[in-house]
Amino acid sequence: MSGRRFAGAIAGGLVAGLGISALLIAGERKSGEPSELATLERASARRVGLDTPDATALPSAREQAVIQGGHLALSALAAAAYAAATDEDAAVIPSGLAFGLAFYVAAHWLAGPALGVKEPEWRADPATIGMHGVNHLVFGLVTAAAAKAASRA
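I will try to describe carefully the structure that is included in this document. On a predicted model such as this, the values are computed, not experimentally measured, just so you know. (Residues numbered from 1 in each chain as written. Predicted model: local features only at pLDDT ≥ 70, side-chain atom pairs only at ≥ 80, totals over all residues. Heavy atoms only, no water.)

## Some points on the nonpolar core
The nonpolar side chains of a soluble globular protein tend to be buried, and buried together.
Part 1 of the argument: Residues Ala9, Ala78, Tyr82, Phe99 and Phe139 are the most contacted members of the largest nonpolar core, which totals 16 residues.
Part 2 of the argument: Counting only elements with at least two residues in this core, the list comes to α1 (3-31), α2 (36-47), α3 (61-85), α4 (92-115) and α5 (126-152).
Part 3 of the argument: Apart from the residues lying within four places of it in its own chain, the contact partners of alanine 78 are Phe99, Phe103 and Phe139. (Core = buried A, V, L, I, M, F, W, Y, C linked by side-chain atoms within 4.5 Å. Buried < 20%, exposed > 50% of the residue type's maximum accessible area, 1.4 Å probe, protein only. Helix = DSSP H or I, 4+ residues; strand = E, 2+ residues; numbered from the N terminus. Contact = heavy atoms within 4.5 Å.)

Next comes the structure, spelled out in structure tokens:
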């Protein structure tokens, strides 16, 4: 695996992660309710015995930094996994879609419910499942495209 491709994948993952974070923060401001990431972070904090804000309170600047920092760290780790699991000849669209789908299943259908920090995805409404799926597919495509572009540079 080339260093350029690895760095490109991580850069793509971070860009996609930032885009999703921006959408979630904008949704918080529009709705006046905490985003799913805030809810997930609070559930995780409670699991390890930390105090959390009221469930309906919007995150403070400090909490938002923790939430989005964790989201971006996960984005970078997932992108690194993409770079490690695929080769330089992988076509962007099939590898990006497969990666995005695998990441979605791992996060929303398996890990979140298994850790007790998220309701199982199969209990979500179709619009939520669709939104989560599309977000992760776009994440996979951006990660794959950035990895491919960096390997060609």
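## As for the packing of aromatic side chains
Part 1 of the argument: What the rule picks out here adds up to 6 aromatic pairs.
Part 2 of the argument: Measuring from ring centre to ring centre gives 5.9 Å for phenylalanine 99 and phenylalanine 139, while their planes differ by 40°; the resulting arrangement is tilted. Here phenylalanine 99, found in helix α4, pairs with phenylalanine 139, found in helix α5; they are 40 residues apart in sequence, far enough to count as distant.
Part 3 of the argument: For phenylalanine 99, a relative accessible area of 13% gives the class buried.
Part 4 of the argument: Cluster of aromatic residues (ring-pair linked, three or more members): Tyr82, Phe99, Phe103 and Phe139. (Phe/Tyr/Trp six-rings, centres within 6.5 Å; stacked < 30°, edge-to-face > 60°.)

## Here's the deal with the pattern of salt bridges
Part 1 of the argument: Considering all chains together, one arrives at 3 salt bridges under this definition.
Part 2 of the argument: In this structure, arginine 42 and glutamate 63 form a salt bridge, with 2.8 Å as the shortest nitrogen-oxygen distance. You can see arginine 42 sitting in helix α2 and its partner glutamate 63 sitting in helix α3, a full 21 residues away along the chain. For the pair shown, arginine 42 and glutamate 63 are each scored as buried.
Part 3 of the argument: A salt bridge links lysine 118 to glutamate 121, with the nearest nitrogen and oxygen atoms 2.7 Å apart.
Part 4 of the argument: Judged by relative accessible area, which is 0%, glutamate 121 ranks as buried. (Salt bridge = Lys/Arg side-chain N within 4 Å of Asp/Glu carboxyl O.)

## A short note on a nonpolar patch on the surface
Part 1 of the argument: The grouping of Leu101, Val105 and Leu110 at the surface amounts to a nonpolar patch, some 260 Å² of accessible area in total.
Part 2 of the argument: Here valine 105 shows up in helix α4.
Part 3 of the argument: What makes valine 105 partly exposed here is its relative accessible area of 33%. (Patch = residues over 30% accessible without salt bridge, like charges linked within 9 Å, V, L, I, M, F, W, Y side chains within 5 Å. Areas by Shrake-Rupley, 256 points an atom, 1.4 Å probe, with all protein chains shown as cover.)

## Quick word on the side chain of glutamate 63
Part 1 of the argument: Given a relative accessible area of 10%, glutamate 63 falls into the buried group.
Part 2 of the argument: Ignoring any residue separated from it by four or fewer positions in sequence, one finds glutamate 63 in contact with Glu41, Arg42 and Pro53.

## Comments concerning α1
Part 1 of the argument: Helix length check: α1 (29 residues) gives 42 Å between terminal C-alpha atoms against 42 Å at 1.5 Å per residue, within 8%.
Part 2 of the argument: For α1, the set of buried residues is Arg5, Gly8, Ala9, Gly12, Gly13, Ala16, Gly17, Ile20, Ser21, Leu24 and Glu28.
Part 3 of the argument: Packed against the buried residues of α1 are α2, α3 and α5.
Part 4 of the argument: Glycine 32 lies just past α1 and shows a positive phi near 80°. (Expected span 1.5 Å × (residues − 1).)

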